[in-house]
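Topology and contacts: notes
If you want the building blocks of each chain, they are given just below.
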Amino acid sequence: MAIEAWYMKEGKEDHRLPCHRNPKEYVSIDKLAEIGVLYWHLDAKNYENDEELKQLRETRGYNYHDMLDLCPEKVENYEEKLKNFYTEHIHANEEIRYCLEGSGYFDVRGKDDRWIRIWIKEGDLIILPAGIYHRFTLDTSNYVKLMRLFMGEPVWTSYNRPQEAHPARKEYVKTFATESGMAIEAR
């Protein structure tokens, strides 16, 4: 099963809806890789014993993880948290999210600065490179359980746009925002 991604239509509709353009304009895994977004589909029901996840964690140096249950019943100030997640931002480090249950949307900026919506569902693991403009929201299910993976001590500091002078953004632009940028292969 492959991840679904598409260019979003501009507008003010509920961000928990798919927000497809008309006609729909899908984005391939290869196009996501061109902007540094990597994807794996793993066995979410067996994540504690998943050899592919173990190998990925060892190869990429992810030695810490935590869990995030995101739904109105489990998160204080739920609407405020979602609003913060949906504000366009970057991070100084890559962002790794593994969907164990539920679903939601990561929106990332493409090379042309248009929004690409990535629908993550159970078993989807994505890596967003440091410096990519992105945001997150739930879909209409209003529930997702994510494993957040980190290298070393967990750092989750967001830098709201504009951040063109931030070192991570400069490196991202140098690596991915030009035609000569090459993405690391994922499957």
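See the structure above.
Residues numbered from 1 in each chain as written. Predicted model: local features only at pLDDT ≥ 70, side-chain atom pairs only at ≥ 80, totals over all residues. Heavy atoms only, no water.

With that settled, consider the nonpolar core. By size, the foremost hydrophobic cluster in this structure holds 29 residues, and its most contacted members are L70, I116, I118, I120 and F136. In this view, L70 contacts V75, Y78, L82, F85, F136, L138, N142, Y143 and V144; residues no more than four positions away in its chain are not counted. One finds L38, L53, L56 and I127 within the second-largest nonpolar core, a separate group that totals 14 residues. (Core = buried A, V, L, I, M, F, W, Y, C linked by side-chain atoms within 4.5 Å. Buried < 20%, exposed > 50% of the residue type's maximum accessible area, 1.4 Å probe, protein only. Contact = heavy atoms within 4.5 Å.)

Before going further, it helps to examine the side chain of D139. Position of D139 among the secondary structure elements: in the loop between strand 8 (134–138) and strand 9 (144–150). Reaching out from D139, the side chain makes a polar contact with the side chain of S103 at a distance of 2.5 Å. A distance of 2.6 Å separates a polar atom in the side chain of D139 from a polar atom in the side chain of S141. In this view, D139 contacts R16, S103, G104, Y105 and W119; residues no more than four positions away in its chain are not counted. (Helix = DSSP H or I, 4+ residues; strand = E, 2+ residues; numbered from the N terminus. Polar contact = N/O pair within 3.5 Å; in protein donor to acceptor, adjacent residues only side chain to side chain.)

Here R169 shows up in helix 4 (residues 167–176). A relative accessible area of 10% means that R169 is categorised as buried. A distance of 3.0 Å separates the side chain of R169 from the backbone oxygen of G131, its partner in a polar contact. Contacts of R169, omitting those with residues within four sequence positions, involve I90, G131, I132, Y133, Q163 and E164.

This model, assessed by the stated rule, comprises eight aromatic pairs. Seen from their ring centres, Y64 and F150 are 6.1 Å apart, and the 50° between their planes marks the pair as tilted. With Y64 in strand 3 (residues 64–70) and F150 in strand 9, this pair connects stretches of sequence that are 86 residues apart. On the numbers, 4.7 Å between centres and 50° between planes, the contact of F106 with F136 is tilted. Of this pair, F106 sits in strand 5 (residues 95–109) while F136 is found in strand 8, placing the two residues 30 residues apart along the sequence. Take F136: its relative accessible area is 6%, and that puts it in the buried class. Here the aromatic residues W6, Y26, Y105 and W119 are joined through ring pairs into a cluster of three or more. Taking NZ or CZ as reference, R114 lies 3.7 Å from the ring centre of Y7, over its face. In this arrangement the basic side chain of R161 is found over the ring face of Y133, its NZ or CZ atom lying 4.2 Å from the centre. (Phe/Tyr/Trp six-rings, centres within 6.5 Å; stacked < 30°, edge-to-face > 60°. Lys NZ or Arg CZ within 6 Å of the ring centre and 35° of its normal.)

In this section: the pairing of strand 9. For strand 9, the tally of buried residues reaches six of seven residues, placing the bulk of the element in the interior. As defined by bridge partners, strand 3 adjoins strand 9 across seven bridges and the pair is classed as antiparallel. Bridged to Y64 within strand 9 is F150. (Pairing = 2+ DSSP bridges.)

This part takes up unusual backbone geometry. In this chain, N22 is followed by P23 through a cis amide linkage whose omega measures 5°. With an omega dihedral of 10°, the bond running from R161 to P162 counts as a cis peptide bond. With a phi angle near 55°, N142 is a residue other than glycine that sits in the positive phi range. Assignment of secondary structure puts N142 in the loop between strand 8 and strand 9. Under the relative-accessibility criterion, N142 is labelled partly exposed at 24%.

Here the focus is the pattern of salt bridges. In the structure shown here, the tally under the stated rule is 20 salt bridges. Salt-bridge contacts for E122 lead to K45; the nearest nitrogen and oxygen are separated by 3.4 Å. Remark: K45 occurs in the loop between strand 2 (38–41) and helix 2 (51–60) and E122 occurs in the loop between strand 6 (115–121) and strand 7 (124–128); sequence separation between them is 77 residues. Residue class for E122 comes out partly exposed when judged on its relative accessible area of 31%. With a closest N to O distance of 2.8 Å, R161 and E88 form a salt bridge. Of the two residues, R161 is situated in the loop between strand 10 (159–160) and helix 4 and E88 in the loop between helix 3 (78–85) and strand 4 (89–90); the sequence distance between them amounts to 73 residues. Classification of E88 as buried rests on a relative accessible area of 15%. The network of salt bridges with shared partners includes R21, E25, D112 and R114. (Salt bridge = Lys/Arg side-chain N within 4 Å of Asp/Glu carboxyl O.)

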